[in-house]
Amino acid sequence: DSGVTQTPKHLITATGQRVTLRCSPRSGDLSVYWYQQSLDQGLQFLIQYYNGEERAKGNILERFSAQQFPDLHSELNLSSLELGDSALYFCASSVQVTGELFFGEGSRLTVL
Amino acid sequence: KNQVEQSPQSLIILEGKNCTLQCNYTVSPFSNLRWYKQDTGRGPVSLTIMTFSENTKSNGRYTATLDADTKQSSLHITASQLSDSASYICVVSAENYGQNFVFGPGTRLSVLP
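Below is a short write-up of the structure.

What counts, and where the lines are drawn
- Residues numbered from 1 in each chain as written.
- Chains lettered and ligands numbered in written order.
- Predicted model: local features only at pLDDT ≥ 70, side-chain atom pairs only at ≥ 80, totals over all residues.
- Heavy atoms only, no water.
- Disulfide = S-S within 2.5 Å.
- Helix = DSSP H or I, 4+ residues; strand = E, 2+ residues; numbered from the N terminus.
- Buried < 20%, exposed > 50% of the residue type's maximum accessible area, 1.4 Å probe, protein only.
- Pairing = 2+ DSSP bridges.
- Contact = heavy atoms within 4.5 Å.
- Salt bridge = Lys/Arg side-chain N within 4 Å of Asp/Glu carboxyl O.
- Polar contact = N/O pair within 3.5 Å; in protein donor to acceptor, adjacent residues only side chain to side chain.
- Nonpolar A, V, L, I, M, F, W, Y, C, P; charged D, E, K, R; others polar.

1. A few points about the state of the cysteines
For the structure shown, the criterion picks out two disulfides over all chains. A sulfur-sulfur distance of 1.8 Å marks the disulfide that ties Cys23 of chain A to Cys91 of chain A. On the sign convention where negative is left-handed, the bridge of Cys23 of chain A and Cys91 of chain A, at about -55° about the S-S bond, is left-handed. Taken together, the positions of Cys23 of chain A in strand β3 (residues 19-24) and Cys91 of chain A in strand β9 (residues 87-94) put the pair 68 residues apart, joining distant regions of the chain. Side by side, Cys23 of chain A and Cys91 of chain A carry an identical accessibility label, which is buried. Note on cysteine connectivity: Cys23 of chain B is disulfide-linked to Cys90 of chain B, with sulfurs 2.0 Å apart. Handedness here is read from the sign of the S-S torsion; for Cys23 of chain B and Cys90 of chain B, about -65°, the answer is left-handed.

2. Things to note about the pairing of strand β9 (residues 86-94) of chain B
All names here are of chain B. Of all nine residues in β9, nine are buried, a share of seventy percent or more. Residues Ala86, Tyr88, Cys90, Val92 and Ala94 of β9 are buried on one face, and the alternating residues Ser87, Ile89, Val91 and Ser93, pointing to the opposite face, are buried as well. Bridging between strand β4 (residues 30-38) and β9 involves eight bridges; their strand directions are antiparallel. Each residue of the ladder has a partner; that of Phe30, found in β9, is Ala94. The pairing of β9 with strand β11 (residues 107-112) spans three bridges and is classified as antiparallel. Bridged to Ala86 within β11 is Leu109. In this structure, β9 lies alongside strand β10 (residues 101-103), joined through three bridges in antiparallel fashion. Among the inter-strand pairings, Val91 is bridged to a residue of β10, identified as Phe103.

3. Comments concerning the interface of chain B and chain A
With 22 residues of chain B in contact, the opposing surface of chain A contributes 21 residues. The interface formed by chain B and chain A includes one salt bridge. Note that Arg42 of chain B is salt-bridged to Glu105 of chain A, the shortest N-O span being 2.5 Å. Inspection of the chain B/chain A interface yields four residue pairs in polar contact (both at pLDDT 80 or more). When residues of the side of chain B that touches chain A are traced back to their parent elements, those giving at least two are β4, β5 (45-51), β9 and β10 of chain B. In terms of residue count, β4 of chain B provides more of the side of chain B that touches chain A than any other element does, four residues in total. For the side of chain B that touches chain A, a count of residues per class yields nine nonpolar, nine polar and four charged.

Coordinates in, geometry out; function isn't part of it.
Below, the structure written as structure tokens:
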């Protein structure tokens, strides 16, 4: 158990819909990262937050947004969903910006 | 451009055999290099982390090496087990780099009985 909690574990929705994925980092970790992993693909960096502030942005679509709340949990919002958004979405946390990365078990999103 | 390349893309070995996975990187300035194991459908789990001054680090049957001069790393798995079947991901951390962590595409290892 990495200590990083992601909900929901599985989510099935239709095209055009909006979903929210939630991540609770390890206790004490200030940095949260979001990654997307499509079938048989590598991890694609989406966005990073550090202590509530956006720190780095990767290949995140404009339809996607995220935030980190004062209690350090983070949410990834995916809107106007398309079939290609079906993927595993991982959250990871670390104490510092280059500290050890701990991953959650992911949220599997299926868009039908 | 900061990049991490891994080879081979996939590998099949028999249980009990050894294997070596390769990682080449162009990330600068280098901070550290990690190897992660990712079981299918699960989150990656850290195997080793090495800084610039470390050449070798072991974690049970996993041994990672780092040559910071040639910017190469390898992960050697000894006496493979069926449970070693997974993707192995090389991740390089760069100081002062926006993304901080540059991920390789991974090597998919299959261990057959």
